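Chains, contacts and geometry: an overview
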Amino acid sequence: FFFKAEDGIRDVERSRGLGDVYKRQFIFYMITSFFGFGSPVADINILISEIPKRKKATKKDTNGNHYKLPLFSMSEDVKGQVIIKPNKEKKLEHQGIRIELIGHIDIKNDKGQSGDFVSIARELEAPGMMLDEKTYQFVFSNIDKPYETYYGIGVQLRYFIRVTINRGFASKIIKEEEFVVNNVGEEPDSQSLIKMEVGIEDCLQIEFDYNKGKYHLKDCVLGKVYFMLVKIKIKLMELHVIRRETIGSLTNGQSETETLVKYEVMSGSYTHLRAH
């Protein structure tokens, strides 16, 4: 960028004309080039290797758009390549290039507990100068990934590959590429039914029946709602599917809730009702 002379901007010493303005522009151009401002010095592209029929996980960004991320198991190796393309108009002098596999947890209301629980770093290149495009292969083998990826309301747990070009006094160039970790275990026994009774003593008694005790994320939840005793006027009945997220212990934890979907089951007087 350039500075230009405008009314209200004056030097301590009187300007000697347009030549002074161009001289100052040249000095500021040299300073901004040295500290890396302006156009990027290099582009970094991280390509995580795909395998045939690898599953993808869907993530939603802050704008509500969905995109796919590669899905890994907890014991699977993470490998791929890094492509660094220097800007032809600038010299890429660096103090070393590093790649990291990071597991990070971010708790929205408790930054003191946020941080990295996995951090494995390796050097891609020693300090020097890069003039042409270079490709680096990487493999992270036998890395313990102890937790599943989770995107919640108050907490996020994510894994990503980070590449950093250190540049001394100039700003670092950093690129991150995210992936998802999922632990696929044995299907639990879900044959036991759940029955729950709620109500108001001597006025209202409702019984909920669920067809099983545990559900897969893609299962259809089937159940029945019985009105066993009704001595009050009911205006409306809705069923809500709510996700509750608890951070900390069950007794002293912080909880956040989100209504995923709701259904109007009944409006007005009741009859013997089954809701699916």
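What you see is a predicted model; the values in this text were computed from it and never measured. (Residues numbered from 1 in each chain as written. Predicted model: local features only at pLDDT ≥ 70, side-chain atom pairs only at ≥ 80, totals over all residues. Heavy atoms only, no water.)

**Concerning the overall build of the chain**
Across its full length, the chain holds 1 helix and 17 strands. Expressed as a percentage of the 276 residues in the chain, the buried residues total 29%. For the chain, long-range pairs separated by at least 24 residues make up 60% of all intrachain contacts whose partners lie at least 6 apart in sequence. Carbon together with sulfur atoms contributes 52% to the accessible area of the chain, which is approximately 19700 Å² in total. (Helix = DSSP H or I, 4+ residues; strand = E, 2+ residues; numbered from the N terminus. Buried < 20%, exposed > 50% of the residue type's maximum accessible area, 1.4 Å probe, protein only. Contact = heavy atoms within 4.5 Å. Areas by Shrake-Rupley, 256 points an atom, 1.4 Å probe, with all protein chains shown as cover.)

**Regarding a nonpolar patch on the surface**
A cluster of nonpolar side chains, V241, L260, V261 and Y263, forms an exposed patch at the surface whose accessible area comes to about 350 Å². Its place among the elements puts L260 in strand β17 (residues 254-267). (Patch = residues over 30% accessible without salt bridge, like charges linked within 9 Å, V, L, I, M, F, W, Y side chains within 5 Å. Salt bridge = Lys/Arg side-chain N within 4 Å of Asp/Glu carboxyl O.)

**Points about the confidence of the model for the chain**
Atom-level detail of predicted coordinates should not be read off regions where pLDDT is low. Counting all residues, the mean pLDDT for the chain is 81, and 81% of those residues have values of 70 or more. Counting contacts from residues 1-12, a segment whose pLDDT is below 50, to residues more than four positions away or on other chains yields 7 contacts. Taken as a whole, residues 272-276 scores under 50 in pLDDT and shows 17 contacts with residues more than four places along the chain or in a different chain. (pLDDT = per-residue confidence, 0-100.)

**Thoughts on the pattern of salt bridges**
Counted according to the given criterion, the structure contains 12 salt bridges. Between E123 and R98 there is a salt bridge, with its nearest N and O atoms 3.1 Å apart. Here the residue E123 occupies a position in strand β7 (residues 115-125), and R98 occupies one in strand β6 (residues 97-107), the gap between them amounting to 25 residues. On the basis of relative accessibility, which here comes to 33%, the residue R98 falls in the partly exposed class. Among the charged side chains, a salt-bridge network with shared partners connects K59, E100, R158, R162, E176 and E178.

**With respect to the sheet that holds strand β13 (residues 194-200)**
Taken together, 3 strands build an open sheet; the order of strands is β13-β14-β15 and the sheet is antiparallel. Each edge of the open sheet carries a strand with a single partner, namely β13 and β15 (223-230). Adjacent strand axes in the sheet meet at a mean angle of 15° when their direction is disregarded. Pairing geometry for β13 and strand β14 (residues 204-210), over 7 bridges, is antiparallel. Note on β14: the bridge partner recorded for I200 is L204. (Pairing = 2+ DSSP bridges. Axes fitted to C-alpha atoms, helices over the stretch in contact; angles between N-to-C directions.)

**What about the sheet that holds strand β4 (residues 78-86)?**
What the 3 strands build is an open sheet, ordered β1-β4-β9; its pairing is antiparallel. Edge positions in the sheet fall to β1 (42-48) and β9 (134-140), since each of these pairs with one other strand and no more. Each strand axis lies, on average, 20° off the axis of its neighbour in the sheet, ignoring direction. Here β1 runs beside β4; their pairing, made up of 7 bridges, is antiparallel. If you follow A42 over to β4, its bridge partner there is P86.

**Brief notes about the nonpolar core**
Counting residues in each nonpolar core, the largest one holds 29 residues, and the members touching the most others are V82, I84, I161 and F179. Counting residues per element, the ones that place at least two in this core are β1, β4, β6, β7, β9, β11 (155-165) and β12 (173-181). The element best represented in this core is β11, accounting for 5 residues. When residues no more than four places from it in sequence are discounted, the contact partners of F179 are I48, P70, F72, V78, L101, K145, T149, Y159, F160 and I161. Counting residues in each nonpolar core, the second largest holds 9 residues, with L204, I206, V230 and M237 among its members. (Core = buried A, V, L, I, M, F, W, Y, C linked by side-chain atoms within 4.5 Å.)

**A short note on the packing of aromatic side chains**
Evaluation of the coordinates by the stated rule reveals 5 aromatic pairs. With centroids separated by 5.6 Å and ring planes inclined at 90°, the aromatic side chains of F117 and Y159 adopt a geometry described as edge-to-face. With F117 in strand β7 and Y159 in strand β11, this pair connects stretches of sequence that are 42 residues apart. The class of F117 is partly exposed, set by a relative accessible area of 27%. Judged by centre distance (6.0 Å) and plane angle (55°), the rings of F138 and F140 are tilted. (Phe/Tyr/Trp six-rings, centres within 6.5 Å; stacked < 30°, edge-to-face > 60°.)

**Comments concerning the environment of L204**
With respect to the helices, strands and loops of the structure, L204 is situated in strand β14. Taking the C-alpha atoms as reference points, L204 and K233, 29 residues apart in sequence, are found 9.7 Å from one another. Sequence-distant contacts of L204, that is, excluding residues within four places in its chain, are made with V198, G199, L229, V230, I232 and I234.

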